[in-house]
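Here are the chains, one letter per residue:
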Amino acid sequence: MSKLSRLLSELGAGDSTLSTRRRAQIILQRLFHGRRQRAVGDTWDRYVQNALGYAPDGVPGDEWGAARLWDYRFAELFQLYGVDAWRQAVEIGQGSGKYTERVLQASPRVVVHCLDVSREFLSLLRRKHGALCEAGRIQPVLLHGDRADEMLRYCDAQGLRRRLDAVFSIDAMVHVDLQFLIAYLVTASLCLRRGGHLILTLADPTTARGFEKLLRDMRAMYLPGTRKAPQFQWVSGDIVRHVLGALGFAVVRCDAPAPESSTPRDLFVVGRLDDPARADGFERYLAS
Ligand SMILES: C[S@@+](CC[C@H](N)C(=O)[O-])C[C@H]1O[C@@H](n2cnc3c(N)ncnc32)[C@H](O)[C@@H]1O
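Caption draft 1: Here's a closer look at the overall build of the protein chain. A count of helical and extended segments in the protein chain gives twelve helices and seven strands. Burial analysis of the protein chain (288 residues in total) assigns 36% to the buried set.

Listed below in structure tokens is the structure:
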């Protein structure tokens, strides 16, 4: 369905207290704002097309680190938090699916809903893991990035509210500004079951390696043509602890791993949803 017809079909479905004029205004705003957001997906699509030329084994995304590093993250961020018993999980920004496949191997029954803004990364996921997609254990979902409640609407359509064991996103939300990230965080707090886990890596300039990255990327930000990947967005432990606490999460991990782990740049964040009722009050901010 084209974006315009999708928006028009929603015209009658939204909040019935809104006047037709106001609904039309919202639709126009979404169309134009959506175009800006769509550019995020286009940037990642271009990244994939370029990386096909140099990525190991022709798999864009595999040029970031090595299997040892991915296994380390999986052990630290997933195996410690009951991944083997998960049944329903949402992954945001799965790329080629290197963490998706580890989750699927760990838990024989889990379904992973992979939500990404990049059509190219989603095609790559389908090419790499066609059998798992066909079996329904991977559900690839394109995000249009034009409404704050996009992930919530998907979860509701799939009957996932309060049924998710985990929402996770590795090396992806380091590129998403907190003003957009908050929509995913609120949605996670609305859709996780009590005790479900939110698992993220986020970029923190107060770690030694984070600060070094901030400096190293500086010149390229002024010369967009020289950038390989979209820019990083920055948070700190204080911000993360405050926001997750306010949404009903107990923050069970929020630290940069030890230097010898060879991954000490980003914050490893794990929140456990202990107080789901807290989040219910935030739903009104998502809906238009
Ligand atoms: C650096 S890649 C990481 C991919 C994968 N998680 C990995 O570690 O290999 C970033 C991923 O996040 C996706 N992404 C970027 N911005 C996003 C957003 N706002 N919402 C959802 N996905 C996003 C990109 O399309 C890409 O798949």
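Caption draft 2: Molecular detail of the nonpolar core. Counting 65 residues, the largest nonpolar core has Ala 89, Val 103, Leu 164, Val 167, Ile 199, Leu 202 and Val 269 as the members making the most contacts within it. Beyond its immediate chain neighbours, meaning those up to four positions away, Val 269 contacts Leu 200, Leu 202, Val 240, Arg 253 and Cys 254.

Caption draft 3: Looking closely at the site of the ligand. Around the ligand there are 23 residues in total, and Trp 44, Gly 93, Gly 95, Ser 118 and Ala 172 lie nearest to it. Mapped by element, the contributors of at least two residues to the shell around the ligand are helix 2 (20–51) and helix 4 (98–106). Among the residues forming the shell around the ligand, the class breakdown is twelve nonpolar, eight polar and three charged.

Caption draft 4: Region of interest: the environment of Val 112. Looking at the secondary structure, you find Val 112 in strand 2 (residues 111–116). Between the C-alpha atom of Val 112 and that of Leu 164, which follows or precedes it by 52 residues, the distance is 9.9 Å. Not counting the four nearest positions on each side in its chain, Val 112 is found in contact with Ala 89, Glu 91, Thr 100, Val 103, Leu 104, Arg 137 and Ile 138.

Caption draft 5: Spatial organisation of the packing of helix 7 (residues 150–157) against helix 8 (residues 178–191). Between helix 7 and helix 8, the least distance of the axes is 8 Å, while the angle of their chain directions is 25°. Relative to helix 8, the element helix 7 is oriented roughly parallel. You can see that helix 7 and helix 8 cross each other, and the crossing is right-handed. Listed contacts from helix 8 to Met 151, Leu 152 and Cys 155 of helix 7 are Tyr 184, Thr 187, Leu 190 and Cys 191. When the residues that make up the contact of helix 7 with helix 8 are grouped by side-chain class, the tally is six nonpolar, one polar and no charged.

Caption draft 6: Looking closely at unusual backbone geometry. Unlike most non-glycine residues, Asp 57 shows phi in positive territory, near 55°. Residue position: Asp 57 is located in the loop between helix 2 and helix 3 (67–77). Overall, the presence of 5 C-beta atoms within 10 Å leaves Asp 57 in the exposed class. Positive phi is not limited to glycine here, since Arg 162 has a value of about 60°. By secondary structure assignment, the location of Arg 162 is in the loop between helix 7 and strand 4 (164–169).

Caption draft 7: Structural detail: the sheet that holds strand 3 (residues 138–142). Spatially, seven strands are ordered 3-2-1-4-5-7-6 in an open sheet, and the strand pairing comes out mixed. A strand with exactly one partner marks an edge of an open sheet, and here the two such strands are strand 3 and strand 6 (249–255). Each adjacent strand pair in this sheet contributes to an overall mean axis angle of 15°, direction not counted. Examined bridge by bridge, strand 4 and strand 5 (residues 192–203) share five bridges and lie parallel to one another. Within strand 5, the position partnered with Phe 168 by the bridge is Ile 199.

Caption draft 8: Layout of helix 4. Within helix 4, the full set of buried residues consists of Lys 98, Tyr 99, Thr 100, Val 103 and Leu 104. For helix 4, the secondary structure elements touched by its buried residues are helix 3, strand 1 (88–92), strand 2, helix 6 (130–134), strand 3 and strand 4.

Caption draft 9: Seen up close, the environment of Arg 127. Relative to the helices and strands, Arg 127 resides in helix 5 (residues 119–128). Expressed as a C-alpha distance, the spacing of Arg 127 and Ser 96, which sit 31 residues apart in the sequence, is 9.2 Å.

Caption draft 10: Representation of helix 9 (residues 208–222) in the model. For helix 9, the principal kink sits at Arg 216 and spans about 30°. In terms of burial, helix 9 is a largely surface element, one of the 15 residues being buried.

Caption draft 11: Spotlight on the environment of Arg 73. Within the secondary structure, Arg 73 sits in helix 3. Of the residues examined, Arg 73 has 22 C-beta atoms within 10 Å and is grouped as buried. Sequence separation between Arg 73 and Phe 268 is 195 residues, and the spatial gap between their C-alpha atoms is 8.8 Å. Aside from chain neighbours lying at most four places away, what touches Arg 73 is Ile 170 and Thr 263.

Caption draft 12: Focus on the confidence of the model for the protein chain. For the protein chain, the average pLDDT comes to 90, and 90% of its residues sit at 70 or higher. Mean pLDDT values over the elements of the protein chain span from 59, in helix 1 (residues 3–11), up to 99, in strand 1.

Conventions and cut-offs
- Residues numbered from 1 in each chain as written.
- Predicted model: local features only at pLDDT ≥ 70, side-chain atom pairs only at ≥ 80, totals over all residues.
- Helix = DSSP H or I, 4+ residues; strand = E, 2+ residues; numbered from the N terminus.
- Buried ≥ 20, exposed ≤ 12 C-beta atoms within 10 Å, placed from the backbone.
- Core = buried A, V, L, I, M, F, W, Y, C linked by C-beta atoms within 7 Å.
- Contact = placed C-beta atoms within 7 Å.
- Near = placed C-beta within 6 Å.
- Nonpolar A, V, L, I, M, F, W, Y, C, P; charged D, E, K, R; others polar.
- Axes fitted to C-alpha atoms, helices over the stretch in contact; angles between N-to-C directions.
- Parallel < 35°, antiparallel > 145°, perpendicular 65-115°, else oblique.
- Left-handed = near helix turned anticlockwise from the far one by under 90°.
- Pairing = 2+ DSSP bridges.
- Bend = angle between axes of the 7 residues up to and from the residue.
- pLDDT = per-residue confidence, 0-100.

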